[in-house]
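# Geometric and topological summary
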Amino acid sequence: ISTCSPHFPVLWDRIVGYMRFEDKVDDTTADELSFVPGGGGVDWALLSQPLSQPMAERPLSTTVPRLFGRQSCAERYLRRDLMLLPDDSWPKNAEVQWRLCALARGLCLKLPRPFRAPHIPGITVLIPHYGEPIIMSKKELWKDRSAQGAGRRRSTGGAISAVQPE
């Protein structure tokens, strides 16, 4: 952990705070998983604020959670994956275990390149309101799209229907 970013403990404590807010972990487990223990209860106002300054700039004393202690791959596999040996640092809640494993797997993934300005995909959704006229017939809505791709233009035929409640 000494080689990790100074921003990681703050981010990790926020993740633990969210799990505490959702009642996935209790206060004791949240203290064991946090870099700055003793947070107690967590409210939404605290979680919705921006992340605070990195741990290197904070005057608070920090302790590295036992979850990040040194273990060999075989020992970690026996303790956390197979659960053959007891592991007090690993949370007991199965959903929290799954979330931590998914986070660890996700951190190893390669990030995709972001889209450039002219190539950003857009989403357009048109939803008619109750009683609003629709100038298309059901036949035209359900026709095969291959006819549209052939370059033919179809007229609406003047069919007007209204959206009715289901």
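Look a little higher up for the structure.
Now for a description of the structure that goes with this document. None of these values were measured; they are calculated from a predicted model. (Residues numbered from 1 in each chain as written. Predicted model: local features only at pLDDT ≥ 70, side-chain atom pairs only at ≥ 80, totals over all residues. Heavy atoms only, no water.)

## Thoughts on a nonpolar patch on the surface
- There is a patch of nonpolar side chains on the surface, built from Tyr77, Leu78, Leu82, Leu84 and Leu85 and spanning about 450 Å² of accessible area.
- Tracing the backbone shows Tyr77 in helix 4 (residues 73-81). (Patch = residues over 30% accessible without salt bridge, like charges linked within 9 Å, V, L, I, M, F, W, Y side chains within 5 Å. Areas by Shrake-Rupley, 256 points an atom, 1.4 Å probe, with all protein chains shown as cover. Salt bridge = Lys/Arg side-chain N within 4 Å of Asp/Glu carboxyl O. Helix = DSSP H or I, 4+ residues; strand = E, 2+ residues; numbered from the N terminus.)

## A short note on the packing of aromatic side chains
- Enumeration according to the criterion identifies seven aromatic pairs in this entry.
- Residues Phe8 and Phe35 carry aromatic rings whose centres are separated by 6.1 Å and whose planes lie at 85° to one another, so their mutual orientation is edge-to-face. Here Phe8 is found in helix 1 (residues 8-21), whereas its partner Phe35 is found in the loop between helix 2 (27-33) and helix 3 (44-47), with 27 residues between them in sequence.
- An aromatic cluster is present here, built from Phe8, Trp12, Phe35 and Phe68 joined pairwise through their rings. (Phe/Tyr/Trp six-rings, centres within 6.5 Å; stacked < 30°, edge-to-face > 60°.)

## Brief notes about the side chain of Asp87
- Checked against the element boundaries, Asp87 lands in the loop between helix 4 and helix 5 (94-107).
- Under the relative-accessibility criterion, Asp87 is labelled buried at 11%.
- A distance of 2.8 Å separates a polar atom in the side chain of Asp87 from a polar atom in the side chain of Ser89.
- Ignoring anything within four residues of it in the chain, the contact list for Asp87 reads Gln71, Arg79, Arg80 and Lys92. (Buried < 20%, exposed > 50% of the residue type's maximum accessible area, 1.4 Å probe, protein only. Polar contact = N/O pair within 3.5 Å; in protein donor to acceptor, adjacent residues only side chain to side chain. Contact = heavy atoms within 4.5 Å.)

## What about helix 1?
- With 14 residues, helix 1 ought to run about 20 Å at 1.5 Å a step, and its terminal C-alpha atoms sit 20 Å apart, in line with that.
- Lining the buried residues of helix 1 we find helix 2, helix 3 and helix 5.
- Where helix 1 terminates, the next one or two residues include Asp23, which has phi positive at roughly 60°. (Expected span 1.5 Å × (residues − 1).)

## Some thoughts on a negative patch on the surface
- Residues Asp26, Asp31, Glu32 and Asp88 make up a contiguous surface patch of negative charge.
- Inspection of the secondary structure puts Glu32 in helix 2.
- In this structure Glu32 comes out as partly exposed when scored by relative accessible area, which is 37%. (Lys, Arg positive; Asp, Glu negative; His and termini not counted. Charge placed at Lys NZ, Arg CZ, Asp CG, Glu CD.)

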